[in-house]
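What follows is each chain in one-letter form.
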Amino acid sequence: MSSQRSAIEAWRSAPRTALPVLRELVIHGPQSRTDLARRLGLSSGSLTRLTKPLLAAGLVVERDVRHDPVNGRPTRPLEVVADRLLFLGLKLTSDRVYAVLTTLRAEIVARESAPLTAPSPDEVVAEAGRLAARLTAAGGAAVAAGVTFGGDAAVPALVEESELVNSGILGWQRVPIRRLLADRLGVPCFVKNDVAALADSYHWFGEARGVRDFAVVTVGDGVGYALFAHGRAVRMTEADLGEFGHQILDPGGPMCPDGHRGCASSYVTTRSILMTAAQGMRRFPTYPEVLRLAAAGDPVCREAVRQAAWALGVMIANVVNATTVKTVILTGEAVDVARVRRADLEAGLAARRRDTAGIDVAVRAQDFHDWARAAAAVAIRAHVADAA
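## Topic: the overall build of the protein
When helices and strands are counted, the protein shows 16 helices and 16 strands. Dimensions of the protein along its principal axes, counting C-alpha atoms only, are 70 × 55 × 35 Å. Residue burial in the protein is summarised as follows: out of 388 residues, 53% are buried. A fraction of 60% describes how many contacts in the protein between residues 6 or more apart in sequence connect residues 24 or more apart. As presented, the protein carries roughly 17,400 Å² of accessible surface, and 49% of it is formed by carbon and sulfur atoms.

Written out as structure tokens, the structure reads:
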């Protein structure tokens, strides 16, 4: 704990002019002084002056000598000391809490999960406390926590600017969850929409690191969307997200629970895929069963998955056409349709986009602990921002 306290104090005491160096090392990992100076637009002399106090405070260390691949000169890469500060990430669903403990660079140290009998604020706070106690007993105390969840009103514009949050998925109305969790956990807490947080984590610590323009599309119980343009997250309202999930893909398509015919939600959610398959099977299958039968050639399940994959392709084309981003990351509980029927996703993309060259569609397997890691990244970003 004393090591952690000294690390916190060292961050607080770091010269403000040196904080961009720390931020770059947090995001991009170990770098030579030459690379770091180029990224920050600094002279070698200026970089040396900035890094001296960071090295002296133990925030940054020099690694073993390596030879520069360009000029062959020996260099000692600089690396931020990431394991002295730990962060807690909590992802809430309607029936479970997923939790991770990470380093300053979002490397998972420990993970846990627990069921929720009912997602009331009291139960969520109590379960979060129990999970945090188990994680910190295994890995060490956290200095801050991030919590994320889905829902129509759990969008950045509302969550970050208000102490009271709403979530249709959790059944919450005007809940001060940030304060409740901070009181229970004893550390600062930061709350954000789960898809927006996931996009943030990809931008700093994942597939979109170094990418200025990209989109994230998630499919599962609902449809999620986040967009980065010119290196910054595009803020969206509750209505924006609702429109994205109910954009019309085919006016003659199936009907969603809200009464829209042929919208995105009527094709790509787990519920819509299961309903389409159930009509032909004359029973209600499980989602893994539909995927397995589709891969085995069952005509009913194959068609249900084909339609969902095609619709994902159309959605991606709409995103690219409207925003000009060329990198789209797909994830979520229903994303395996893109793996089973990738050709149909490509067909949907080509149906709405004449030029598909250069469009990078990355399909990431669903893992709720990745979402919890994204929640921890919310706390990490807040820590770095507060220091700056």
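Resuming the write-up.
## Looking at unusual backbone geometry
Backbone geometry places Arg174, a non-glycine residue, at a positive phi of 55°. Of note in this structure, His230 is not a glycine but carries a positive phi near 55°. Mapped onto the secondary structure, His230 falls in the loop between strand E13 (223-229) and strand E14 (232-233).

## What about the side chain of Arg105?
Within the secondary structure, Arg105 sits in the loop between strand E6 (96-102) and strand E7 (108-115). Notably, Arg105 is buried but unbridged: the nearest opposite-charge side chain belongs to Glu107, and the N-O separation is 4.2 Å. Apart from the residues lying within four places of it in its own chain, the contact partners of Arg105 are Leu25, Val26, Ile27, His28, Gly29, Val80, Ala82, Phe205, Arg209 and Arg373.

## As for the environment of Ala106
Relative to the elements of secondary structure, Ala106 occurs in the loop between E6 and E7. For Ala106, a relative accessible area of 1% gives the class buried. Along the backbone, Ala106 and Leu164 are 58 residues apart, and their C-alpha atoms lie at a distance of 27 Å. Sequence-distant contacts of Ala106, that is, excluding residues within four places in its chain, are made with Phe205, Arg373 and Ile380.

## Points about the confidence of the model for the protein
Averaged over all residues, the pLDDT of the protein is 90; the fraction at 70 or higher stands at 93%. Between residues 152-161, whose pLDDT stays under 50, and residues either more than four places distant or in other chains, the model counts 30 contacts.

## Comments concerning the packing of helix H13 (residues 299-323) against helix H15 (residues 342-352)
Two elements in contact, H13 and H15, have axes whose closest approach is 6 Å; the angle formed by their N-to-C orientations is 40°. By the angle between their axes, H13 is oblique relative to H15. Crossing angle aside, the handedness with which H13 passes H15 is right-handed. Contacts from Arg306, Ala309, Trp310, Leu312, Gly313, Val314, Ile316, Ala317, Asn318 and Asn321 in H13 reach Asp344, Leu345, Ala347, Gly348, Leu349, Ala351 and Arg352 in H15.

## Observations regarding the packing of helix H5 (residues 121-139) against helix H7 (residues 177-185)
Where H5 contacts H7, the axes come no closer than 10 Å and their chain directions differ by 35°. Helix-helix and strand crossings are classified by hand; for H5 and H7 the assignment is right-handed. Between H5 and H7, the residues in contact are Pro121, Val125, Ala126, Ala128, Gly129, Arg130 and Ala132 and Ile177, Leu180, Leu181, Arg184 and Leu185, respectively. In terms of residue class, the contact of H5 with H7 is made up of 9 nonpolar, 1 polar and 2 charged.

What counts and how
- Residues numbered from 1 in each chain as written.
- Predicted model: local features only at pLDDT ≥ 70, side-chain atom pairs only at ≥ 80, totals over all residues.
- Heavy atoms only, no water.
- Helix = DSSP H or I, 4+ residues; strand = E, 2+ residues; numbered from the N terminus.
- Buried < 20%, exposed > 50% of the residue type's maximum accessible area, 1.4 Å probe, protein only.
- Contact = heavy atoms within 4.5 Å.
- Areas by Shrake-Rupley, 256 points an atom, 1.4 Å probe, with all protein chains shown as cover.
- Lys, Arg positive; Asp, Glu negative; His and termini not counted.
- Salt bridge = Lys/Arg side-chain N within 4 Å of Asp/Glu carboxyl O.
- pLDDT = per-residue confidence, 0-100.
- Axes fitted to C-alpha atoms, helices over the stretch in contact; angles between N-to-C directions.
- Parallel < 35°, antiparallel > 145°, perpendicular 65-115°, else oblique.
- Left-handed = near helix turned anticlockwise from the far one by under 90°.
- Nonpolar A, V, L, I, M, F, W, Y, C, P; charged D, E, K, R; others polar.

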